[in-house]
Amino acid sequence: MVVEYTKGLGATRFCVLWRLLFRWRGSVYKLLWQDLLVYAVLYASLSCLYRFYLHGSQKRLFEEVVLQSNKYRDLVPVSFLLGVYVSVALLRCWAVCLALPNNAAAAMLLSTYIPRDGSRAFEIKTRVVRYINLTYALVFSQVSAAVHLTYPDLQALVDHHFLTVREKEVLEEAEGRGCSSVKWLPLTWSCQLVQSARDEGFIDTEASKEALLKELLDIQRQCCTLLEWHQYNVPLVYTQVVTIAVYTYFLFSVLSEQYLDATLRHPRNEADLVVPAFALLELVMYLGLLKVAETLINPFGVDDNSFDFLKFIRDARLNVGNSQKSGSEYECFICLAEQSKT
């Protein structure tokens with residue numbers, strides 16, 4: 001899930017952000033330690049090779065390779081490519097966040113527009129909310145690996161009380177007939193229940209019914225947007241270009257940062273920096289931005305900075321109980337609304 005850290009920053013104080021530098025989960029250190037280790041090993045190996053094993057013409061050849069690497073290392077505009085790539089990934093991630101649906105508004109409207117007591121009115125409200133949550137489970141299982149592992153098939157949804165056995169048979173029959181929009185059937189059932197509530201007199205006005213139907217259609221639209229963001233990604237060619245540019249830059253950096261014999265007066269090699277501190281800092285900056293983009297470009301994954309869709313589904317089912325009639329999950333808003341009238 002996305003790592004929360006702003007709660008500890010309630011006030012602007014001296015060095016308040018320094019505390020964040022020592023966190024591991026979701027940190028840049030967790031993303032980069034393997035790359036830093038590989039870079040350090042390669043740099044140390046080449047440095048030892050030059051200092052202790054190469055002689056004569058071999059050293060001259062190594063020095064020429066280092067100088068050529070130093071000359072052409074900045075040929076590719078890595079900072080520009082990374083800046084655009086991170087911007088695109090950040091905008092995409094934020095758009096996915098805005099597209100996340102929510103059943104709270106529908107639940108509150110149901111409690112408002114169907115205020116009547118009685119088992120039938122309560123059944124209509126809880127079934128509508130259960131169908132909304134079922135739609136979430138069906139949609140999220142297509143975009144999130146974690147949700148798919150938890151609810152791999154319709155039987156798992158029955159076991160977790162999203163579906164009744166009869167509803168499962170209806171969905172399987174629809175799939176068997178080649179229906180490509182099975183995931184929207186629960187919302188269709190919800191719309192039909194709202195219409196039934198209007199016909200049976202539980203909803204007083206046509207405007208109230210239209211408001212409920214509009215909210216259900218908004219949920220469907222948000223789920224469609226989420227599926228589209230998952231299906232249509234940043235073009236692979238741009239991801240490849242940026243990745244090749246960054247790693248090629250640091251491949252040249254391993255060579256160009258090598259120390260050369262000071263007696264030969266090579267430029268930029270006057271001091272013997274045994275530890276390439278500035279190159280490591282550059283690695284953290286550039287490669288850190290690339291890792292950030294890689295994390296943001298797929299917010300549907302299972303890493304520390306991906307959206308926790310399982311938690312989203314759990315939050316949608318705030319109050320759990322089994323109905324003997326429909327096997328429904330009672331939604332907390334509706335239960336509280338019913339209790340407030342007694």
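Residues numbered from 1 in each chain as written. Predicted model: local features only at pLDDT ≥ 70, side-chain atom pairs only at ≥ 80, totals over all residues. Heavy atoms only, no water.

Visitor: Looking at this structure, I do not really get the overall build of the protein. What am I missing?
Guide: If you tally the helices and strands in the protein, you get 14 helices and zero strands. Excluding contacts between residues fewer than 6 apart, the proportion of contacts in the protein whose partners are at least 24 apart in sequence is 74%. When the accessible area of the protein is evaluated, it comes to approximately 18,900 Å², of which 63% is carbon and sulfur surface. (Helix = DSSP H or I, 4+ residues; strand = E, 2+ residues; numbered from the N terminus. Contact = heavy atoms within 4.5 Å. Areas by Shrake-Rupley, 256 points an atom, 1.4 Å probe, with all protein chains shown as cover.)

Visitor: Would you mind showing me how to read the environment of E257 here?
Guide: By secondary structure assignment, the location of E257 is in the loop between helix 11 (236-256) and helix 12 (277-297). With 188 residues separating them along the chain, E257 and S69 place their C-alpha atoms 9.0 Å apart.

Visitor: I tried to follow unusual backbone geometry on my own but got confused; where do I start?
Guide: Leave glycine aside and you will find that most residues have negative phi; peptide bonds, for their part, are mostly trans. Phi at H161 is positive, roughly 65°, even though this residue is not glycine. Its place among the elements puts H161 in the loop between helix 7 (154-159) and helix 8 (165-176).

Visitor: Explain the packing of helix 9 (residues 185-199) against helix 10 (residues 206-231) to me, please; I cannot follow it from the model alone.
Guide: The packing of two helices is summarised by the inter-axis angle and the distance between the axes. Helix 10 packs onto helix 9 with a crossing angle of 175° between their chain directions and a minimal axis gap of 10 Å. Regarding the angle of helix 9 to helix 10, the classification is roughly antiparallel. Here L187, S190, C191, V194, Q195 and R198 of helix 9 come into contact with helix 10, specifically with E206, K209, L212, L213, L216 and Q220. (Axes fitted to C-alpha atoms, helices over the stretch in contact; angles between N-to-C directions. Parallel < 35°, antiparallel > 145°, perpendicular 65-115°, else oblique.)

Visitor: Looking at this structure, I do not really get a nonpolar patch on the surface. What am I missing?
Guide: A contiguous nonpolar surface patch, about 400 Å² in accessible area, is contributed by L21, F22, V28 and Y29. Relative to the helices and strands, F22 is located in the segment before helix 1 (28-53). (Patch = residues over 30% accessible without salt bridge, like charges linked within 9 Å, V, L, I, M, F, W, Y side chains within 5 Å. Salt bridge = Lys/Arg side-chain N within 4 Å of Asp/Glu carboxyl O.)

Visitor: What's the story with the pattern of salt bridges in this structure? I'm lost.
Guide: Charged atoms that come close allow side chains of opposite charge to pair. Overall, the coordinates contain twelve salt bridges when judged by the stated rule. As a salt-bridge pair, E206 and K209 come within 2.6 Å of each other at their nearest N and O atoms. Of this pair, E206 and K209 both sit in helix 10, three residues apart, roughly one helical turn. Relative accessible area serves as the criterion here: at 36%, E206 is assigned to the partly exposed category. Put simply, R221 and D218 hold a salt bridge, and the shortest N to O gap is 3.9 Å. Of this pair, R221 and D218 both sit in helix 10, three residues apart, which is roughly one turn of the helix. (Buried < 20%, exposed > 50% of the residue type's maximum accessible area, 1.4 Å probe, protein only.)

Visitor: Looking at this structure, how should I read the confidence of the model for the protein?
Guide: Predicted coordinates in regions of low pLDDT should not be interpreted in detail. Mean pLDDT over the protein: 79, with 81% of residues reaching 70 or higher. Averaged pLDDT values over the elements of the protein bottom out at 44 in helix 14 (residues 332-340) and peak at 90 in helix 9. Within the model, pLDDT remains below 50 along residues 319-342, and this stretch shows 60 contacts once partners closer than five positions in the same chain are excluded. (pLDDT = per-residue confidence, 0-100.)

Visitor: Help me understand the nonpolar core in this model?
Guide: Nonpolar side chains tend to gather and get buried jointly when the protein is soluble and globular. Core analysis: the biggest nonpolar cluster contains 73 residues, and I114, I132, F140, L157, V246 and F309 have the highest contact counts within it. In terms of residues, this core owes the most to one element, helix 5 (residues 119-143), which gives 13 residues. Other than its neighbours up to four places away in sequence, I114 contacts L109, A121, I124, K125, A197, F202 and I203. Membership of the second largest hydrophobic core comes to five residues, among which are Y50, L54, F62 and L260. (Core = buried A, V, L, I, M, F, W, Y, C linked by side-chain atoms within 4.5 Å.)

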